[in-house]
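This is what each chain is made of:
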Amino acid sequence: MAAPSSFGELGLSIIGLGTQYPPYSLNADALNILSKRFYPETPSMKKVLTINQFTGIDSRSSVGTPDHPLVNQPNAPSIRELHQIFMSDGVPLAVEAARKAIAEANIDIRHITHIVSTTCTDSGNPGFDHYVAKGLGITHQVEKVLLHGIGCSGGLAALRTGANLALGHTARGRPARVLCVALELSTTMVRSEFDSINELQETRIGPCLFSDCASAVVLSNNIGEPVEPLYELLGWDHRIIQDTEGDLGFDVDPVGWKVVLSPRVPKFACAAVEPAFNDLMASLPSLPCDYQRAEDFDWAMHPGGATILSGAERALGISAEHMRASYDTYMNHGNSSSATIYSVLDSLRSKNMDALAPGGRVREYIVGCAFGPGIAVETCMLKRNLRYGAQVSGLQTPPETESESGEMSGTSEAGDAEWVSEGNGASAGMISEEVEPSRWQSDFIAESLENLELD
């Protein structure tokens with residue numbers, strides 16, 4: 001495959017980052033509570049609830065608890081009701097994330113020239129970006145773009161779109177300060193997913209993985225008043241894996257959107273990441289000689305699932321420590337779709353994450369990567385300003401064990417055990433030189449499922 005057009009010196013920098021999670025955290029028991037309240041114990045429901053115990057996620061961030069009125073009605077909430085919660089509970093999260101990013105950028109809101117936003121969990125008109133701008137007090141003319149239909153790849157797609165807009169201003173000799181915002185509320189759709197599990201006897205694992213979050217970055221073209229960067233954006237790559245439209249998606253439905261996750265997604269994603277990385281490298285200006293192979297970089301990988309993370313490790317020849325911020329975000333918050341990648345970048349620059357760098361060496365160059373419907377593959381190259389750092393929690397990773405996929409026969413449109421962790425997140429420990437990943441290998445999942453009649 002021919003390399004894409006080469007990037008020159010772009011002069012683009014991320015100068016502010018902000019993440020805002022909602023106040024509640026859901027453990028694995030949250031799905032059990034709602035299932036027992038509203039649904040009979042069917043083979044598919046039993047299977048999903050079993051998978052839920054082995055995702056590697058300790059808690060999923062959410063705007064509500066299992067007692068929230070929205071998910072305790074006789075029927076699943078309508079799109080109208082979901083939209084109302086998105087506006088009342090979601091938009092304030094996005095406003096706060098944007099405020100954090102703008103504050104770190106140390107710029108006046110009047111300097112914001114563009115807003116590029118993304119969501120796959122709402123489709124109101126005007127879009128949520130209109131209300132985020134209003135909540136921030138932006139009254140001057142700002143160019144806005146709202147991206148839809150791109151799911152988990154939305155964060156990097158918004159950054160790519162913002163970068164192209166900023167370069168347009170650069171060509172005209174004008175300053176650009178682009179606010180990129182991602183907002184997702186996924187946990188409110190649990191009843192819709194449970195309806196499908198119950199009525200169609202499908203194995204739908206979306207409720208086990210997805211969570212709620214808002215995040216934002218401020219991108220600068222470095223014309224005008226200088227600001228010290230957090231990350232320099234050096235280039236990007238966007239591609240589609242052909243004939244995979246039916247494998248990853250988010251289909252509209254009268255009672256919310258339905259997650260489509262086929263068991264083929266991890267295989268496709270992991271097979272695509274190395275070619276994407278190679279083409280990205282070919283398009284960039286020369287990097288230092290010690291940044292040539294995948295293992296030379298830190299990786300901000302969208303944590304779509306534990307199988308994707310561990311599969312990417314094997315495909316690229318890297319370790320969990322290379323993706324330490326991705327694991328940390330996945331285990332502590334779950335998969336928040338498009339909003340997750342900015343959260344990973346926010347976490348990666350922390351001192352606690354630095355302490356867990358492979359071989360004790362913090363990488364200056366970082367590869368960002370995310371997958372979305374299409375299947376789309378988004379990658380970018382960032383250069384980190386190592387003078388920045390803040391305190392966050394340390395790294396945890398799901399332990400490696402025998403995959404339970406062999407114990408669960410049958411697949412569905414929404415995927416199956418191929419998506420779950422190769423271990424139990426509850427028993428995960430800190431990565432260290434004293435605790436090697438090989439020590440986590442065990443067959444306790446197979447043993448625990450041996451006598452379960454799941455199909």
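Placed above this text is the structure.
Quick summary incoming for the structure in this document. (Residues numbered from 1 in each chain as written. Predicted model: local features only at pLDDT ≥ 70, side-chain atom pairs only at ≥ 80, totals over all residues. Heavy atoms only, no water.)

Focus on the pattern of salt bridges
Any two side chains of opposite charge can pair, on the condition that their charged atoms come close. Counted under the stated rule, the structure contains 18 salt bridges. Put simply, Asp247 and Arg264 hold a salt bridge, and the shortest N to O gap is 2.7 Å. Here Asp247 is found in the loop between β8 (231-240) and β9 (248-251), whereas its partner Arg264 is found in the loop between β10 (258-261) and α8 (265-283), with 17 residues between them in sequence. For Asp247, a relative accessible area of 5% puts it in the buried group. (Salt bridge = Lys/Arg side-chain N within 4 Å of Asp/Glu carboxyl O. Helix = DSSP H or I, 4+ residues; strand = E, 2+ residues; numbered from the N terminus. Buried < 20%, exposed > 50% of the residue type's maximum accessible area, 1.4 Å probe, protein only.)

What about the pairing of strand β6 (residues 177-184)?
Counting buried residues in β6 gives eight out of eight residues, a clear majority hidden from the surface. Residue alternation in β6 divides its side chains into two sets, Arg177, Leu179, Val181 and Leu183 and Val178, Cys180, Ala182 and Glu184, and both sets are buried. Here strand β4 (residues 114-118) runs beside β6; their pairing, made up of five bridges, is parallel. When the bridges of β6 are listed, His114 appears paired with Val178. Judged from the eight bridges that link them, β6 and strand β7 (residues 213-220) form a sheet pairing that is antiparallel. Paired with Cys180 across the strands is Val217, a residue of β7. (Pairing = 2+ DSSP bridges.)

Section: the sheet that holds β8
Strand order in this open sheet of nine strands is β5-β4-β6-β7-β1-β8-β13-β12-β11, and the pairing throughout is mixed. Since the sheet does not close on itself, it has two edges, and those belong to β5 (143-147) and β11 (298-301), each with one partner. Each neighbouring strand pair of the sheet contributes to a mean axis angle of 25 degrees, computed without reference to strand direction. Across the sheet, helix α3 (residues 79-105) is in contact with β1 (12-20), β6 and β7; its angle to β1 comes to roughly 140 degrees. (Axes fitted to C-alpha atoms, helices over the stretch in contact; angles between N-to-C directions. Contact = heavy atoms within 4.5 Å.)

A closer look at the layout of surface pockets
Regions of empty space are outlined by a rolling probe, equal in size to a water molecule, passed over the atoms. Volume-wise, the largest pocket comes out at about 420 Å³. As for the largest pocket, its lining consists of 33 residues, of which Cys120, Phe210, Gly249, Phe250 and Val259 are closest to the centre. (1 Å grid on protein atoms, 1.4 Å probe; cavity = no way out; pocket = protein on both sides within 12 Å on 5 of 7 lines; lining within 4 Å. Points joined across faces, edges and corners; volume = space filled by probe spheres on them.)

Considerations on helix α11 (residues 340-348)
Where burial is concerned, most of α11 is hidden: eight out of the nine residues are buried. Those residues of α11 that sit buried are Thr340, Ile341, Tyr342, Ser343, Val344, Leu345, Ser347 and Leu348.

Considerations on the pairing of β8
For a regular strand, side-chain orientation follows a simple rule: the groups alternate between the two sheet faces. Counting buried positions along β8 yields seven of 10 residues, so the element is predominantly enclosed. Relative to β8, β1 runs antiparallel, the two sharing three bridges. Opposite Leu12, over in β8, you have Leu233 as the bridge partner. Across nine bridges, β8 lies against strand β13 (residues 376-384) in antiparallel orientation.

Description of the packing of aromatic side chains
Applying the stated criterion across every chain yields a total of six aromatic pairs. Taking 5.7 Å as the distance between ring centres and 75 degrees as the angle between the ring planes, the aromatic pair formed by Phe277 and Phe297 counts as edge-to-face. Within this pair, whereas Phe277 is found in helix α8, its partner Phe297 is found in the loop between α8 and β11, the two being separated by 20 residues in sequence. As far as burial versus exposure is concerned, Phe277 and Phe297 are alike and both buried. Through pairs of rings, three or more aromatic residues link up here, namely Phe277, Tyr291, Phe297, Trp299 and Tyr365. (Phe/Tyr/Trp six-rings, centres within 6.5 Å; stacked < 30°, edge-to-face > 60°.)

Looking at helix α10 (residues 324-333)
Of all 10 residues in α10, eight are buried, a share of seventy percent or more. On its buried face, α10 is in contact with α7 (206-209), β11, α9 (306-316), α11 and α12 (351-354).

Here's the deal with unusual backbone geometry
With an omega of 0 degrees, the peptide bond between Asn125 and Pro126 qualifies as cis. By the secondary structure assignment, Pro126 is in the loop between β4 and α4 (128-136). With omega at -5 degrees, the peptide bond leading from Gly374 into Ile375 counts as cis. Relative to the assigned elements, Ile375 resides in the loop between β12 (365-372) and β13. Here the phi dihedral of Asn222 falls at roughly 60 degrees; this positive angle occurs in a residue that is not glycine. Inspection of the secondary structure puts Asn222 in the loop between β7 and β8. We note that Asp243 has phi near 60 degrees; this positive angle belongs to a residue other than glycine. Tracing the sequence through the fold places Asp243 in the loop between β8 and β9.

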